[in-house]
Amino acid sequence: SIILGNTLIIAFLISASGCKNNSGISEIGPPPTVRSTTPTNNATDISISAPISARFNEQMNPQSISNNTFQLRNDTASVAGLVTYSDSTATFQPSSNLAYSNSYTASISDNVENLAGQTIPDTHEWSFSTIAEPPGPDVTPPRVVNRMPEVDGENISVNTTVQISFNEPIKLETLNSNTFFVTSE
């Protein structure tokens, strides 16, 4: 009777801890999901060199995560890159910098699976856009836009304050007696 009791307990534990889906694969709990993404959906001003990642709610089968199941594309084409997986996170690192001011869509296909073989219910997609191209270096020299007193002015008092306005901010350390002086003719 003790053996029968143990047998019943073991049978109960086996039937309570797992069940089979229609394909005969044991399933434990609900299917896996994408918990979070980086960047987040509809994020803007993302760095052109930032990796793209998806964090799952549980450990996944690393063999199911690849360039076939994790993709990045813009409006016209797929983006080449390397897909890695570690600690419940799949990461897509583009082979080269993304384009400035572009929209991208990342997707995790419904073929990725957890360690029990369960797949995510649907393909998970999210979109983001990259930063605008920064302006290049300022190579145009500043120019004087206003002078007080005027050039070739007449009857100017010797106590008049000389004022000059430029078309852009000037570094104060560049204004000194070697770069700014008043002469008389």
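Residues numbered from 1 in each chain as written. Predicted model: local features only at pLDDT ≥ 70, side-chain atom pairs only at ≥ 80, totals over all residues. Heavy atoms only, no water.

Visitor: Explain the overall build of the chain to me, and be specific about the residues and the numbers.
Guide: Looking only at helices and strands, one finds 1 helix and 12 strands in the chain. Put simply, the chain runs from its N terminus to its C terminus through helices and strands in the order α-β-β-β-β-β-β-β-β-β-β-β-β. Partitioning the intrachain contacts of the chain with sequence separation of at least 6 by distance along the chain shows that 59% fall at a separation of at least 24. Roughly 13000 Å² of accessible area belongs to the chain as shown, and the carbon and sulfur atoms make up 53% of that amount. (Helix = DSSP H or I, 4+ residues; strand = E, 2+ residues; numbered from the N terminus. Contact = heavy atoms within 4.5 Å. Areas by Shrake-Rupley, 256 points an atom, 1.4 Å probe, with all protein chains shown as cover.)

Visitor: Describe a nonpolar patch on the surface, naming the residues involved and giving the relevant values.
Guide: Together, Val144, Val162, Ile164, Leu172, Leu175, Phe180 and Val182 make up a nonpolar patch on the protein surface, roughly 590 Å² of accessible area in all. Note that Val162 resides in the loop between strand 11 (144-148) and strand 12 (163-166). (Patch = residues over 30% accessible without salt bridge, like charges linked within 9 Å, V, L, I, M, F, W, Y side chains within 5 Å. Salt bridge = Lys/Arg side-chain N within 4 Å of Asp/Glu carboxyl O.)

Visitor: Report on the layout of surface pockets, specifying residues and quantitative values.
Guide: When its volume is computed, the largest pocket comes out at roughly 610 Å³. For the largest pocket, the lining is made up of 19 residues, of which Pro149, Glu150, Asp152, Val182 and Thr183 are closest to its centre. For the lining of the largest pocket, the residue count by class is 9 nonpolar, 6 polar and 4 charged. (1 Å grid on protein atoms, 1.4 Å probe; cavity = no way out; pocket = protein on both sides within 12 Å on 5 of 7 lines; lining within 4 Å. Points joined across faces, edges and corners; volume = space filled by probe spheres on them. Nonpolar A, V, L, I, M, F, W, Y, C, P; charged D, E, K, R; others polar.)

Visitor: So, the nonpolar core: which residues are in play, and what are the values?
Guide: One finds Ile52, Phe56, Phe70 and Leu72 to be the most contacted residues of the largest nonpolar core, which totals 25 residues. Of all the secondary structure elements, the ones that give two or more residues to this core are strand 4 (43-46), strand 5 (52-56), strand 6 (70-73), strand 7 (81-86), strand 8 (89-94), strand 9 (103-108) and strand 10 (124-130). Setting aside residues no more than four positions away along its own chain, Ile52 makes contact with Thr38, Pro39, Phe70, Leu72, Ala90, Thr91, Phe92, Pro94, Leu98, Ala106, Trp126 and Phe128. (Core = buried A, V, L, I, M, F, W, Y, C linked by side-chain atoms within 4.5 Å. Buried < 20%, exposed > 50% of the residue type's maximum accessible area, 1.4 Å probe, protein only.)

Visitor: Account for the sheet that holds strand 6, naming residues and giving values.
Guide: Pairing between the strands of a sheet comes from backbone hydrogen bonds, and it takes one of two forms, parallel or antiparallel. Within the open sheet, the 4 strands sit side by side as 4-10-9-6. Their pairing is mixed. Edge strands, defined here as strands with exactly one partner in the open sheet, are strand 4 and strand 6. Looking at each pair of strands side by side, their axes are set apart by 25 degrees on average, direction ignored. With 2 bridges connecting them, strand 4 and strand 10 associate as parallel partners. (Pairing = 2+ DSSP bridges. Axes fitted to C-alpha atoms, helices over the stretch in contact; angles between N-to-C directions.)

Visitor: Which residues make up the side chain of Thr105, and what values go with them?
Guide: With respect to the secondary-structure elements, Thr105 resides in strand 9. Residue Thr105 is classed as buried on the basis of its relative accessible area, which comes to 19%. Each residue touching Thr105, except ones within four places of it in the same chain, is listed here: Gln71, Leu72, Arg73, Glu125, Trp126 and Ser127.

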